[in-house]
Amino acid sequence: MELLLKNGRVIDPANKLNKPFDVRVSRGVITQIGSNLPAENGERVLDVAGCVVVPGLVDMHVHLREPGFEGKETIHTGTRAAAMGGFTAVAAMPNTQPVVDNQAMVRFVLEKGRSEGLVPVLPIGAITKGIKGEELAEIGEMVEAGAVAFSDDGKTVASSALMRRAMDYSKMWDKPIICHCEDLSLAAEGVMHEGYYSMLLGLKGIPAASEDIMVARDIILAETTGAQIHIAHVSTAGSVRLIREAKARGVKVTAEAAPHHFSLTDRAVEGYDTSTKVNPPLRSEEHVAEVLLGLKDGTIDAIATDHAPHALEEKDVEYDYAPFGIIGLETAVPLAVTYLIEPGYASWAQVVNLLSLNPARILGLSRSLAVGSIADITVVNPQMEKTVDPQTFVSKARNTPFAGKVLRGWPVATIVRGRLVMENGKLLEGEN
Amino acid sequence: MVFGRKDLLGLQELSRDEINLILETAVPMKEILQRDIKKVPTLRGRSILTLFYESSTRTRTSFEAAAKYMSADTFNIATSSSSVTKGESLVDTAWTLEAMGVDVVIIRHSASGSPHYLAKRLKASVINAGDGTHEHPTQALLDMFTIKEKLGRLEGLEVAIVGDIFHSRVARSNILGLVKMGAKVRVVGPSTLMPKQIGELGVTVHSRIEEALEGVDVINVLRIQRERQQKGLFPSLREYARLYCVTPERVRYAKPGALILHPGPMNRGVEIAPEVADGTQSLILEQVTNGVAVRMAILYLIMGGAGSHGVTA
């Protein structure tokens, strides 16, 4: 397909671009960038005046639930939700049933991604067999099969000795270990952040220390092993400070934050809406403030949604019994615009780093709008205002705490390897 | 004044006026209880369900008595005797019962917020009879009624709440209600059973009981649950009793004649000494009687009653 994006503002910090340009795409590659490019024969012209044109967004932390939990989400629906949200690639966590802990499962996810996905699916392999935290999984074979990172996400590798081995071992392939940091003896049966609101609501709290302690441990292990680690879903002020300090010391650590952790506080739990139940939990104001600061000063490298779909009936229960998780693919971009750019925490260039260049780099992908680059492109209309309506989601799930919120800055086009897969909120299947 | 609420979920939602309305409406209700024939036709034709997911004798019986004295029909569901054990969800159970024509659902549940969950989904009124470690509003209202009946007011009184503040729904509801009514509340207990942010509710926090009881008008003693010790929140019941048991010696720190309350059931010798529980200052049995009166008032108001003047006794 031949495409010409006209009159948009091209923002690509990798090439220090931030000005109005037209972008020509041909056969999956960016072929020309310049002013007033004339349309060529047979070329599809998209007038994106008023919009920003950025390198394709990458969500490095999603749960597509397939295989095993297809009632919650599938690779088919999850990648469509991604395209709708402006994402041109997603990295899928391995806590499926069976767990992605061997090369056959990695191939299954890749294969399903190719045959049914609308955007590429990058498999993350488990660190330990069955995510049981007992024995190392076959990391080497999984790398050969195409795994981009390793994580026991959803669970912490409780044994420090095993985590040290995992880091030591993964070093051989330069693949990051993604750390889900939670001291289970402290988190116990907690269902929300431990603080004023957990006291008021009588809900069992998860203290911030539960995260801080494991972040500290994993940083120490990364420092002693020299491995590259990535801290998933940072939610506490303590974690941000530990990561900031570790980076200054030269530890190979990167980090991500989820949109709900910079846009909501634990106050949202009032009323016991189970769509606010998530792990790590929505934290109190001082933690949210530090996460925002971490995004601003670069301590946190990436925004990742931790898209965690659940079936309606699973969430429609008492707060204590609901599963943890918030879906994020279809709301991440407007949340970043509304809560980071508009209040001045981040510039557009920073948000492009957070949502595209940095997660791509951490996973070993490239993202660029330079001529000759693969045409993974996202177009966002910064002015577009829309009320979040879960009924319109293409994800199977509806578990979002943002229903009814008015957000600004919605993605209007998603281009994957030169192919337009979403335009103005409509998915384009196979027709181009 | 009309009580405009469909549900009674907690003291947090109630205004001072609403609390006063309930307490005032309970006065003529108590008078009904003291008659030879304890029956009024006020709620004839209304059906009231007690849905208890946690064992309870006194609260459930108290609600049932309140409903029966007002001629309502009552139904009980306890977890052991229903499809709940077959894995039916809370909302399905409640919808099924609503389809049978129940007007009020009185729920006790170990998960905080369960009554709120039901209230959002049912047309029937929902009354919280204790949810997890959140609230137990009818207990707090009966405690306040008892205090007001004896001392004539709540405003300006010094009230000490002793024990496991962290896990106690009775404590939470009492604190929220009493502070709203202008009482000065002190809480005391081991620091492992004290939420760090409790002071933000407008109470003063103590760890030494003698200090907390100094000059108070009321001592409300909470039940200590053995499982908290098993979870390691304090070393032993013996040490707990040594540090926090409300003994006659400790009661002497309070104002002469200070009222002693306990929501029951009691662990004698652990959180309260038998001499105190059975002493002249103890209102523990009076609380039980008042519990029925207060619950009559709540049922009456929630079913659309028009305050104390409208009681057709």
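Use the structure listed above.
Basis of the calculations
- Residues numbered from 1 in each chain as written.
- Chains lettered and ligands numbered in written order.
- Predicted model: local features only at pLDDT ≥ 70, side-chain atom pairs only at ≥ 80, totals over all residues.
- Heavy atoms only, no water.
- Pairing = 2+ DSSP bridges.
- Helix = DSSP H or I, 4+ residues; strand = E, 2+ residues; numbered from the N terminus.
- Contact = heavy atoms within 4.5 Å.
- Axes fitted to C-alpha atoms, helices over the stretch in contact; angles between N-to-C directions.
- Buried area = accessible area lost by both parts, 1.4 Å probe.
- Salt bridge = Lys/Arg side-chain N within 4 Å of Asp/Glu carboxyl O.
- Phe/Tyr/Trp six-rings, centres within 6.5 Å; stacked < 30°, edge-to-face > 60°.
- Lys NZ or Arg CZ within 6 Å of the ring centre and 35° of its normal.
- Parallel < 35°, antiparallel > 145°, perpendicular 65-115°, else oblique.
- Left-handed = near helix turned anticlockwise from the far one by under 90°.
- Nonpolar A, V, L, I, M, F, W, Y, C, P; charged D, E, K, R; others polar.
- Expected span 1.5 Å × (residues − 1).
- Buried < 20%, exposed > 50% of the residue type's maximum accessible area, 1.4 Å probe, protein only.
- Core = buried A, V, L, I, M, F, W, Y, C linked by side-chain atoms within 4.5 Å.
- Polar contact = N/O pair within 3.5 Å; in protein donor to acceptor, adjacent residues only side chain to side chain.

**Student:** Quick question: what am I supposed to make of the sheet that holds strand β6 (residues 57–62) of chain A here?
**Tutor:** For sheets, the rule is that strands pair by backbone hydrogen bonds, running either parallel or antiparallel. All names here are of chain A. Read across the sheet, 8 strands follow the order β6-β7-β8-β9-β10-β13-β14-β15 without closing on themselves; strand pairing throughout is parallel. Since the sheet does not close on itself, it has two edges, and those belong to β6 and β15 (302–303), each with one partner. Relative to strand β10 (residues 177–179), strand β9 (residues 149–151) runs parallel, the two sharing 2 bridges. Residue pairing in the sheet places phenylalanine 150 in a bridge with isoleucine 177 of β10. Docked against the sheet, helix α4 (residues 160–170) engages β10 and β13 (229–231), running at close to 150 degrees with respect to β10.

**Student:** What's the story with the interface of chain B and chain A in this structure? I'm lost.
**Tutor:** Quite often, the size of an interface is put as the accessible area lost when its parts meet. Residue-level contacts link 24 residues of chain B with 18 residues of chain A. A combined buried area of about 1700 Å² lies between chain B and chain A, and 51% of that area is made up of carbon and sulfur atoms. For chain B, the biggest contributors to the area lost against chain A are Ser112(B), Tyr117(B) and Gln197(B); these three give 26% of the whole. Where chain B meets chain A, there are 3 salt bridges. Where Arg121(B) meets Asp316(A), a salt bridge forms, and the shortest distance between an N and an O atom there is 2.9 Å.

**Student:** Whenever I open this one, the packing of aromatic side chains confuses me. Can you help?
**Tutor:** To describe a pair of aromatic rings, one takes the distance between the centres and the angle between the planes. Inspection of the entire model under this criterion finds 4 aromatic pairs over all chains. When the ring of Phe234(B) is compared with that of Tyr240(B), the centres are 5.4 Å apart and the planes differ by 50 degrees; the resulting orientation is tilted. Grouping aromatic residues by their ring pairs yields a cluster made of Phe234(B), Tyr240(B) and Tyr244(B). Here Lys277(A) stacks its cationic end above the ring of Phe324(A), 4.8 Å away from the centre of that ring. The ring of Phe63(B) has Arg295(B) lying over it, and the distance from NZ or CZ to the ring centre is 4.9 Å.

**Student:** Before we go on, may I ask you to explain the sheet that holds strand β8 (residues 218–221) of chain B in this structure?
**Tutor:** All names here are of chain B. An order of β7-β6-β5-β8-β9 is seen for the 5 strands of this open sheet, with the pairing classed as parallel. Looking along the sheet, the strands with just one partner apiece sit at the ends: β7 (204–206) and β9 (259–261). Across this sheet, the average inter-strand angle for adjacent strands is 20 degrees, counted without regard to direction. Sheet analysis places β8 next to β9, joined by 3 bridges and oriented parallel. Within β9, the position partnered with asparagine 220 by the bridge is leucine 261. Helix-sheet contacts for helix α5 (residues 137–151) involve β8 and β9, and the interaxial angle to β9 is about 165 degrees.

**Student:** What's the story with the packing of α4(A) against helix α7 (residues 208–225) of chain A in this structure? I'm lost.
**Tutor:** Each pair of packed helices can be summarised by the angle the axes make with each other and by the distance between the axes. Residue and element names in this part refer to chain A. The N-to-C vectors of α4 and α7 enclose an angle of 45 degrees; their axes lie 9 Å apart at closest approach. With respect to α7, the axis of α4 lies oblique. Read as a crossing pair, α4 and α7 show a hand that is right-handed. Contacts between α4 and α7 involve Ser160, Met163, Arg164, Met167 and Asp168 on the former and, on the latter, Arg217, Asp218, Leu221, Ala222 and Thr225. Within the contact of α4 with α7, the residues separate by chemical class into 4 nonpolar, 2 polar and 4 charged.

**Student:** Just checking my understanding: could you explain helix α2 (residues 58–69) of chain B for this structure?
**Tutor:** Because an α-helix completes one turn every 3.6 residues, residues spaced three or four positions apart along the sequence face the same direction. Residues and elements named next belong to chain B. Relative to the 16 Å expected for 12 residues at 1.5 Å per residue, α2 spans 16 Å between its end C-alpha atoms, a close match to the ideal helical length. Among all positions of α2, only Thr59, Ser62, Phe63, Glu64, Ala65, Ala66 and Ala67 are buried. Of the surrounding secondary structure, the elements contacted by the buried residues of α2 are β1 (47–52), β2 (73–78), β3 (104–109), β4 (125–131), α5 and α12 (284–302). Trailing α2 by a residue or two, serine 71 shows a phi angle of about 70 degrees, which is positive.

**Student:** Could you clarify how one ought to interpret the nonpolar core in this entry?
**Tutor:** In summary, soluble globular proteins display a tendency toward joint burial of nonpolar side chains. Ranked by size, the top nonpolar core spans 77 residues in total, and within it Ile177(A), Ile231(A), Leu295(A) and Leu340(A) carry the most contacts. Sequence-distant contacts of Ile177(A), that is, excluding residues within four places in its chain, are made with Ile127(A), Phe150(A), Met163(A), Ala166(A), Met167(A), Ser170(A), Gln228(A), Ile229(A) and His230(A). Leu201(A), Val40(B), Ile127(B) and Met194(B) belong to the second-largest nonpolar core, a separate cluster that totals 76 residues.

**Student:** Please clarify how helix α6 (residues 169–180) of chain B should be interpreted in this entry.
**Tutor:** Residue and element names in this part refer to chain B. With 12 residues, α6 extends 17 Å between its outermost C-alpha atoms, agreeing within 8% with the 16 Å of an ideal straight helix rising 1.5 Å per residue. Burial analysis of α6 places 10 of its 12 residues in the buried class, the great majority of the element. Looking at α6, one finds that the buried residues are Arg169, Val170, Ala171, Arg172, Ser173, Asn174, Ile175, Leu176, Gly177 and Leu178. For α6, the N-terminal cap is serine 168; the gap from its side-chain oxygen to the backbone nitrogen of valine 170 is 3.2 Å. Of the residues trailing α6, glycine 182 is marked for its positive phi of about 90 degrees.

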